Amino acid sequence: MIDFCVLGSGISGSTIANLLSKKYSVEIIDKANGIGGRASNKKLNKLVSFDHGLQYFSPKSINYQKYLNGFIKKGVLKFWGGNHIDLTFERKNNKKKIIGVKGNNDLNKYLLKKIKKTLNEEVINIKFTNNHWEIFGNKRKFKARSIIVTFPFDQTKKLVKKYLKGSFLKLKVKMTPNLTVLLSQKTKQSVPISSIKLNNSLISWISNENSKKRFTKKESYWTIQTSEIFSKKNINLYKKKKNYYSNLIAKEFSNILNINFKSLKIFRIHGWKYSYNKIKTNDEFYWSKKLRIGVCGDWFIGPNAESSWMSANALFNAIKKNPPKSRRV
């Protein structure tokens, strides 16, 4: 029987799994067909891919900067240069943007490369019985001595409400959605823009995938993310009218960059129903030594990747102080 089963392979899941694997046996379960969660990278073909969730790492703390620097030295991450335009005119001290060498899930892949992984398995239910956990997936059942849940708050609350204290269930967390469109533009010249941040009523972020220098193509490939207002209004509607919403967003994109709409080809529209939590809670994680269940995620602390990393580390430190009785690997 595995010591720790970690649900989710996002930043929190891959971080806590890697830390625990130094002492315990660990297995990751994820419903997607690839690693990364909201840091996932969507491949169009063998060369071209899109970072359609997490756009970049931007460290705020010295510790997180040092952590990421270690992976830059290992060739896992790199700096994203070029012309980053901020039309919101927000003043930020740290403007560094760090990305994966091949995709923004490179860090997740590196952390989990020696850890057992089960993908394409959606967790339906969990049950604590006979002093261990049973995890029921859509295809098979798993057993573990301890369990770590790294899903967004709404999904976590639904899954674990039978076992966690009322204070956790009463946390005021409101996840903000996001719609993302992936498209290409037929062009003879490269566009000298890496990203654009906007206060547009429909689009909040535009990313030029070519600027990340992962591939060389004549076409320009773009990731577009919608504004908070537009996302909240349409997150539950877009699946029934994907062509309508894709074209609506693409037309606005063509207007912003003064591009001929007919030169664009739309590949995908994706909805992140639980993209991020803007307001932090009073907690950083949850851990019950008695039931051997833990929860971590960015939504405890903030809306970015650093928040995910902080929550996972805080949970790991709590487990070290109050470890479950388990065999050493």
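To be clear, the structure that these remarks concern was listed above.
Each chain has its residues counted from 1, following the order in which its sequence is written. Restriction of local features to residues with pLDDT of at least 70 applies here, the model being predicted, together with a cutoff of 80 or more for giving and counting side-chain atom pairs; totals for whole chains, interfaces and linings are based on all residues. Side-chain descriptors were evaluated using all non-hydrogen atoms of the structure, hydrogens and water having been removed beforehand.

Colleague: Lay out the nonpolar core in plain terms, naming residues and giving numbers.
Modeller: Nonpolar side chains in soluble globular proteins tend to be buried together. Core analysis: the largest hydrophobic core is formed by 29 residues, its most contacted members being Leu7, Ile126, Ile135, Phe168, Ile293 and Trp299. Taken together, the elements giving at least two residues each to this core come down to β1 (2-7), β9 (123-129), β10 (132-137), β11 (141-149), α4 (153-160) and β18 (293-295). Counting from the N terminus, the helices are the DSSP runs of H or I reaching at least four residues and the strands are the DSSP runs of E reaching at least two. Of all the elements, β11 adds the most residues to this core, at 4 residues. Throughout this description, the term nonpolar core refers to a set of buried Ala, Val, Leu, Ile, Met, Phe, Trp, Tyr and Cys residues connected via side-chain atoms within 4.5 Å. Buried means the residue's accessible area, taken with a 1.4 Å probe over protein chains only, is under 20% of the maximum for its type, while exposed means over 50%, and partly exposed covers the values in between.

Colleague: Now, about the pattern of salt bridges: what can you tell me, with residues and values included?
Modeller: A pair is scored as a salt bridge if a Lys or Arg side-chain nitrogen falls within 4 Å of a carboxyl oxygen belonging to Asp or Glu. Tallying each qualifying case throughout the model produces 9 salt bridges. With its nearest N and O atoms 3.3 Å apart, the salt bridge here joins Asp298 to Arg38. A residue pair is termed long-range when its members are at least 10 positions apart, and Asp298 in the loop between β18 and α8 (305-321) and Arg38 in the loop between β2 (26-29) and β3 (41-43) qualify at 260 residues. Here Glu209 makes a salt bridge to Lys212, at a shortest N to O gap of 3.0 Å. The burial state of Glu209 is the same as that of Lys212; both residues are buried. If you follow the salt bridges from partner to partner, you end up with Asp51, Glu209, Lys212 and Arg214 in one network.

Colleague: An account of the side chain of Ser254 is needed here, citing residue identities and associated values.
Modeller: As for its position among the elements, Ser254 is in helix α7 (residues 242-257). With a relative accessible area of 5%, Ser254 lands in the buried category. Between N or O atoms, a polar contact is any pair within 3.5 Å; within protein, one atom must be a potential hydrogen donor and the other a potential acceptor, and residues adjacent in sequence are included only when both atoms are from side chains. Polar contacts involving the side chain of Ser254 include one to the main-chain carbonyl oxygen of Lys251, which spans 2.7 Å. Note on contacts: a residue pair is in contact if any heavy atoms of the two residues lie within 4.5 Å. Discounting chain neighbours no more than four positions away, the residues touching Ser254 are Ile259, Phe261 and Leu264.

Colleague: A description of the layout of surface pockets should follow, citing residues and the corresponding values.
Modeller: Cavities and pockets were defined on a 1 Å grid built over protein atoms only: a cavity is a set of grid points that admits a 1.4 Å probe from which the probe cannot escape, a pocket is an open set flanked by protein on both sides within 12 Å along at least five of seven lines, and lining residues are those with an atom within 4 Å of any such point. Grid points are joined across faces, edges and corners, and a volume is the space filled by probe spheres set on the points. As a volume, the second largest pocket reaches approximately 330 Å³. Surrounding the second largest pocket, 24 residues form its lining, Asn208, Asn210, Ser211, Lys212 and Lys213 being those nearest its centre. Split into classes, the residues belonging to the lining of the second largest pocket amount to 7 nonpolar, 10 polar and 7 charged. The nonpolar class holds Ala, Val, Leu, Ile, Met, Phe, Trp, Tyr, Cys and Pro. Asp, Glu, Lys and Arg form the charged class, and all remaining residues, Gly among them, are polar.

Colleague: Let's hear about the packing of helix α1 (residues 11-20) against α8: which residues, and what values?
Modeller: Only the stretch in contact is used when a helix axis is fitted, and all axes are lines through C-alpha atoms; the angle between N-to-C directions ranges over 0 to 180 degrees. Remark: α1 packs on α8, axes separated minimally by 8 Å, with the N-to-C direction vectors making an angle of 35°. Considering only the axes of α1 and α8, their crossing is right-handed. Contacts from Ile11, Ser12, Thr15, Ile16, Leu19 and Leu20 in α1 reach Ala305, Ser308, Trp309, Ala312, Asn313, Leu315, Phe316 and Ile319 in α8. A clockwise turn of the near helix away from the far one marks a right-handed crossing, whereas an anticlockwise turn of less than a right angle marks a left-handed crossing.

Colleague: I'd like to hear about the pairing of β10, residue by residue, with values.
Modeller: Summarising burial for β10: 5 of the 6 residues are buried, a large majority. When β9 meets β10, the two strands line up antiparallel, connected through 6 bridges. The residue of β10 that forms the bridge with Val123 is Gly137. Counting the residues that bridge the hairpin from β9 to β10 gives 2 residues, and of these Asn130 lies at a positive phi of roughly 50°. Any two strands with at least two DSSP bridges between them are considered paired. Taken together, the 4 bridges between β10 and β11 define a ladder with antiparallel strand orientation. Opposite Trp133, over in β11, you have Ala144 as the bridge partner. In this structure, the hairpin formed by β10 and β11 is closed by a connection of 3 residues.

Colleague: Which residues make up α4, and what values go with them?
Modeller: What α4 keeps buried is the set Phe153, Thr156, Leu159 and Val160. All buried residues of α4 fall inside an arc of 130° around its axis, so they share one side. Residues of α4 that are buried in the fold lie against β1, β9, β11, α5 (166-169), β12 (175-185) and β18. In this context, the arc is that of the directions from the helix axis out to the C-beta atoms.

Colleague: Can you break down the pairing of β12 residue by residue, with the values?
Modeller: With 11 of its 11 residues buried, β12 lies for the most part within the structure. In β12, alternate side chains face the same way, and those of Met175, Pro177, Leu179, Val181, Leu183 and Gln185 on one face and Thr176, Asn178, Thr180, Leu182 and Ser184 on the other are all buried. By the bridge criterion, 10 bridges tie β12 to strand β16 (residues 264-277) in an arrangement that is antiparallel. Counterpart to Asn178 in the pairing with β16 is Trp272. Here β12 runs beside strand β15 (residues 220-226); their pairing, made up of 6 bridges, is antiparallel. Paired with Ser184 across the strands is Tyr221, a residue of β15.

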